[in-house]
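Observations on the model geometry
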Amino acid sequence: MDVRIEPSWKSALAAEFGKPYFEQLVRFLHAQKAEGKVIYPPGGAIFRAFELTPVQAVKVVILGQDPYHNPGEAMGLSFSVPEGVRTPPSLRNIFKEVETDLGIRMSGCPNLEAWAREGVLLLNSILTVEAGRAASHRGMGWETFTDAVISYLSAHCEGIVFLLWGNFAKAKASLIDTSRHHVLLAAHPSPLAGGAFFGCRHFSRANEILLREGKTPINWQI
């Protein structure tokens, strides 16, 4: 795997790339490809979240679990799919909450790159998946890597708003120094949560916090 990553993140995470767990992860991915397995997202998009949102630009973190496992969906940003791809159910619910919370109209475009460029780190805990097999790369080392990402932001930045949706994401709260940052918790936006995500108002709340921190709020409208 060619680890091409934005310079500020490359510096921040340099130690991780040389650790045994990461070298083992790279060997695992190479072996998967040698066996003819299809891996999502494409190699050049694995670190897309880091490319679009440098360390110094991070204002909000939205944590997902692992990439979509169907063809053409995964693009290296949590919850996001390319334009022209059917909007996944969880993202439809996210957009509904944005509209209700902020009183705005979303276009329905499922590509969240605009959020990433606004300072929203769209981070999956696991950065790759085998085609057709959800969570197939769980426990292979990505969780250690992305925990290091969260820990780095917690230790070296100030006033970030972490949006943790669902039990998997909420389990990462222990990595975050709440004396320096803000953690907002909610149910997962998946329809399986029975609508419990609705009413969390995380988008307006995040902007209110950013304003108090002296930062420019996120333009959530797409």
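In short, a report on the structure. (Residues numbered from 1 in each chain as written. Predicted model: local features only at pLDDT ≥ 70, side-chain atom pairs only at ≥ 80, totals over all residues. Heavy atoms only, no water.)

In this section: the overall build of the protein. The helix and strand inventory of the protein stands at nine helices and six strands. Here the protein has a C-alpha radius of gyration of 17 Å; the compact-globule value for 222 residues is 17 Å, and the two agree. Across its three principal axes, the protein shows a C-alpha extent of roughly 50 × 35 × 25 Å. Burial status across the protein gives 52% buried among its 222 residues. (Helix = DSSP H or I, 4+ residues; strand = E, 2+ residues; numbered from the N terminus. Rg over C-alpha atoms; globule rule 2.2 N^0.38 Å. Buried < 20%, exposed > 50% of the residue type's maximum accessible area, 1.4 Å probe, protein only.)

Below, the discussion takes up the environment of Met75. Inspection of the secondary structure assignment puts Met75 in the loop between strand E2 (60-64) and helix H5 (89-102). Taking the relative accessible area as the measure of exposure, Met75 reaches 10% and is therefore buried. Put simply, Met75 and Leu112 are 37 residues apart on the chain and 9.8 Å apart in space, counted from C-alpha to C-alpha. Setting aside residues no more than four positions away along its own chain, Met75 makes contact with Pro41, Ala45, Arg48, Ser80, Val81, Pro82, Asn111 and Glu113. (Contact = heavy atoms within 4.5 Å.)

For the rest of this paragraph, the subject is the pattern of salt bridges. Opposite charge on two side chains lets them pair, provided their charged atoms get close. Scanning all chains against the criterion turns up nine salt bridges. Arg48 is the partner of Glu51 in a salt bridge, and the nearest nitrogen-oxygen pair spans 3.2 Å. Of this pair, Glu51 and Arg48 both sit in helix H4 (residues 48-52), three residues apart, which is roughly one turn of the helix. With relative accessibility at 30%, the residue Glu51 sits in the partly exposed group. One salt bridge connects Asp101 with Arg201, and the closest N-O pair in it is separated by 3.3 Å. Highlighted residues: Asp101 in helix H5 and Arg201 in the loop between strand E6 (182-186) and helix H9 (202-212), separated in sequence by 100 residues. The exposure class assigned to Arg201 is partly exposed, which follows from its relative accessible area of 38%. Residues joined by salt bridges that share partners form a network here, namely Arg48, Glu51, Glu113 and Arg117. (Salt bridge = Lys/Arg side-chain N within 4 Å of Asp/Glu carboxyl O.)

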